[in-house]
Amino acid sequence: MNRRRLFATAHRVLTQLRHDPRTLILLLVVPCVLLALLAWVLVDNPAAFDDFGPQLLAIFPLIVMFLVTSIATLRERSSGTLERLLAMPVGKVEFLGGYAVALGAMATLQALLASGLSLGLLGMDVAGPAWAVILVAVLVAVLGTSLGLFVSAFARTEFQAVQFMPAMVFPQLLLCGLIVPVAALPPLLERVAWLLPMTYAVQAMQHVSRVGTLDSPFPKDVLVMVGFTVVLLLLGSVTLRRRTP
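Peer 1: Could you clarify how one ought to interpret the overall build of the protein in this entry?
Peer 2: When you go through the protein residue by residue, the secondary structure sums to twelve helices and zero strands. Starting at the N terminus, the α and β elements of the protein follow one another as α-α-α-α-α-α-α-α-α-α-α-α. A total of 245 residues make up the protein; the buried ones form 51% of that total. Pairs at least 24 apart in sequence give 78% of the contacts found in the protein among residues at least 6 apart.

So, in structure tokens, the structure goes:
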């Protein structure tokens, strides 16, 4: 892998994003607006915001980055840009690595803005350290990026990329412990839940916000999220196609 070509790809992606204000708004503004709306809805019940706010910080970044990444990557393929790039010395790993670096940087910025707004202006109170909340939010956003890169290989149009969202994200929302604790799910669904990355993201955020300590299972949850991210990026490099058939 050539680092120069990887970072050149990342620079190209960031330049494209800079000239796409709608995507920037979706990436950086929408999660903050949704959290502010939640705080407004629960203005008379701050304890509820302290409970639900951190959990949504473990969900919003993944959903937004999944959408943006899958659509952006598919656009590269359908427009022929990917085929032209791969005809050059840029390899699949360097292409995906460049996208991961660029969108990972945007994911980090998104998580920092959303976490800073929640912990600062919106007054969200958590039992654990603020840096742990930010860490989980950043890891979740990067995880959403890797999931979007992986899923984009199986879509032919941007609309199909959006259609993957009900299949890839909604089941995780139902099983991650946001609505019903994972331990209270039927046995089969509980086993399925522990195979999904969002479960570990929500559990890590719940542990930080409610318990406050960084002992088990927090380190395990963080390592599992990192593992999912790496595996999805590797699978994405294997399934990446030059053009959409």
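Read on for the rest.
Peer 1: Mind showing me how you'd approach the nonpolar core here?
Peer 2: Soluble globular proteins tend to bury their nonpolar side chains together. Counting residues in each nonpolar core, the largest one holds 44 residues, and the members touching the most others are Met 198 and Met 225. Sorting the residues of this core by element identifies α2 (21-41), α3 (46-57), α4 (60-78), α6 (92-119), α7 (130-151), α11 (197-211) and α12 (218-239) as the ones contributing at least two each. Examining the composition of this core, we find that nine residues originate from one element, α7, more than from any other. In this structure Met 198 touches Ile 59, Leu 62, Val 169, Gln 172, Leu 173 and Cys 176, once residues within four positions along its chain are discounted. Ranked by size, the runner-up nonpolar core spans 18 residues in total, among them Leu 27, Val 64, Phe 95 and Leu 149.

Peer 1: Help me out: how do you make sense of the packing of aromatic side chains in this one?
Peer 2: This structure, assessed with the given rule, holds two aromatic pairs. Ring centres 6.4 Å apart and planes at 45° place the aromatic pair Tyr 200 and Phe 228 in the tilted group. Here Phe 228 lies in helix α12 and Tyr 200 lies in helix α11, a separation of 28 residues in the sequence. With a relative accessible area of 10%, Tyr 200 lands in the buried category. Given the relative accessible area of 23%, Phe 228 is considered partly exposed. A cation over an aromatic ring shows up here: Lys 220 above the ring of Trp 194, its NZ or CZ 5.7 Å from the ring centre.

Peer 1: Sorry if this is basic, but what is going on with the pattern of salt bridges here?
Peer 2: Side-chain pairing between opposite charges can occur once the charged atoms of the two side chains come close. With the rule as written, the count across this model stands at one salt bridge. Here Asp 51 makes a salt bridge to Arg 210, at a shortest N to O gap of 2.8 Å. Here Arg 210 lies in helix α11 and Asp 51 lies in helix α3, a separation of 159 residues in the sequence.

Peer 1: What am I meant to see in the environment of Gly 123 here?
Peer 2: Mapped onto the secondary structure, Gly 123 falls in the loop between α6 and α7. Judged by relative accessible area, which is 46%, Gly 123 ranks as partly exposed. Linking Gly 123 and Phe 49, residues 74 residues apart in sequence, is a C-alpha distance of 9.2 Å.

Peer 1: Looking at this model, I keep getting lost on the packing of α2 against α3. Mind explaining?
Peer 2: When two helices pack together, their arrangement is given by the angle between the helix axes and by the axis-to-axis distance. Following both chains from N to C, one finds α2 and α3 inclined at 165°, their axes separated by 10 Å at the closest point. One element, α2, and the other, α3, form an angle in the roughly antiparallel class. In the packing of α2 onto α3, the handedness of the crossing is right-handed. Contacts between α2 and α3 involve Leu 35, Leu 38 and Ala 39 from the first element and Phe 49, Phe 52, Gly 53, Leu 56 and Leu 57 from the second.

Definitions and cut-offs
Residues numbered from 1 in each chain as written. Predicted model: local features only at pLDDT ≥ 70, side-chain atom pairs only at ≥ 80, totals over all residues. Heavy atoms only, no water. Helix = DSSP H or I, 4+ residues; strand = E, 2+ residues; numbered from the N terminus. Buried < 20%, exposed > 50% of the residue type's maximum accessible area, 1.4 Å probe, protein only. Contact = heavy atoms within 4.5 Å. Core = buried A, V, L, I, M, F, W, Y, C linked by side-chain atoms within 4.5 Å. Phe/Tyr/Trp six-rings, centres within 6.5 Å; stacked < 30°, edge-to-face > 60°. Lys NZ or Arg CZ within 6 Å of the ring centre and 35° of its normal. Salt bridge = Lys/Arg side-chain N within 4 Å of Asp/Glu carboxyl O. Axes fitted to C-alpha atoms, helices over the stretch in contact; angles between N-to-C directions. Parallel < 35°, antiparallel > 145°, perpendicular 65-115°, else oblique. Left-handed = near helix turned anticlockwise from the far one by under 90°.

Honestly, it's all geometry; don't read function into it.
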